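Remarks on the overall topology
Chain residues, written in single-letter form:
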Amino acid sequence: QVQLVESGGGLVQAGGSLLLSCTASGKIIKINAMAWYRQVRGKQREMVAEMTDFGDTNYAESVKGRFTISRDNGANTVWLRMNDAKPEDTGVYFCHANSYSDYDFRFVEVWGQGTLVTVSS
């Protein structure tokens, strides 16, 4: 079983920067895509940024040019650098990974517990 642990959330002023990190641990066979999602109360969880193990990236339109996702495959770690933060970036940020399970014999979704990011205006 694979676990994801996030860190780095907190309070930041509008225009400021924050770095989120997420490390996978446990029985890791292979992780392909890793991503960051965020959820605002009353709204659906949305993808913020994702990265394949080959380095291909995809960003939500609202964060393009401001956020950068990066990862270290060997360390099973993914980061999200948030620059020029805006109040609308406030939410709980969840780390997500597609991890191969030798119990299910397929890739399964794994979620972290979430870390709160608050951007003050």
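It should be noted that the structure appears before, not after, this text.
Residues numbered from 1 in each chain as written. Predicted model: local features only at pLDDT ≥ 70, side-chain atom pairs only at ≥ 80, totals over all residues. Heavy atoms only, no water.

This part covers the overall build of the chain. Regarding its fold elements, the chain presents 0 helices and 11 strands. Expected size for 121 residues packed as a compact globule is a radius of gyration near 14 Å; at 14 Å, the chain falls within 12% of this value. Burial status across the chain gives 40% buried among its 121 residues. Pairs at least 24 apart in sequence give 54% of the contacts found in the chain among residues at least 6 apart. A total accessible area of about 6,600 Å² is found for the chain, and carbon and sulfur atoms account for 49% of it. Once the 12 positive and 13 negative side-chain charges of the chain are each reduced to a mean point, those two points are 4 Å apart. (Helix = DSSP H or I, 4+ residues; strand = E, 2+ residues; numbered from the N terminus. Rg over C-alpha atoms; globule rule 2.2 N^0.38 Å. Buried < 20%, exposed > 50% of the residue type's maximum accessible area, 1.4 Å probe, protein only. Contact = heavy atoms within 4.5 Å. Areas by Shrake-Rupley, 256 points an atom, 1.4 Å probe, with all protein chains shown as cover. Lys, Arg positive; Asp, Glu negative; His and termini not counted. Charge placed at Lys NZ, Arg CZ, Asp CG, Glu CD.)

Mapped onto the elements, D53 comes out in the loop between β5 (46–51) and β6 (57–59). At 2.7 Å, the side chain of D53 forms a polar contact with the side chain of K30. Every residue in contact with D53, bar those within four places of it in the chain, is listed here: K30, I31, N32, R71 and N73. (Polar contact = N/O pair within 3.5 Å; in protein donor to acceptor, adjacent residues only side chain to side chain.)

If charged atoms from side chains of opposite charge come close, those side chains can pair. Under the criterion given, the structure shown has 7 salt bridges. Among the charged side chains, a network of salt bridges with common partners joins R38, E46, R66 and D89. (Salt bridge = Lys/Arg side-chain N within 4 Å of Asp/Glu carboxyl O.)

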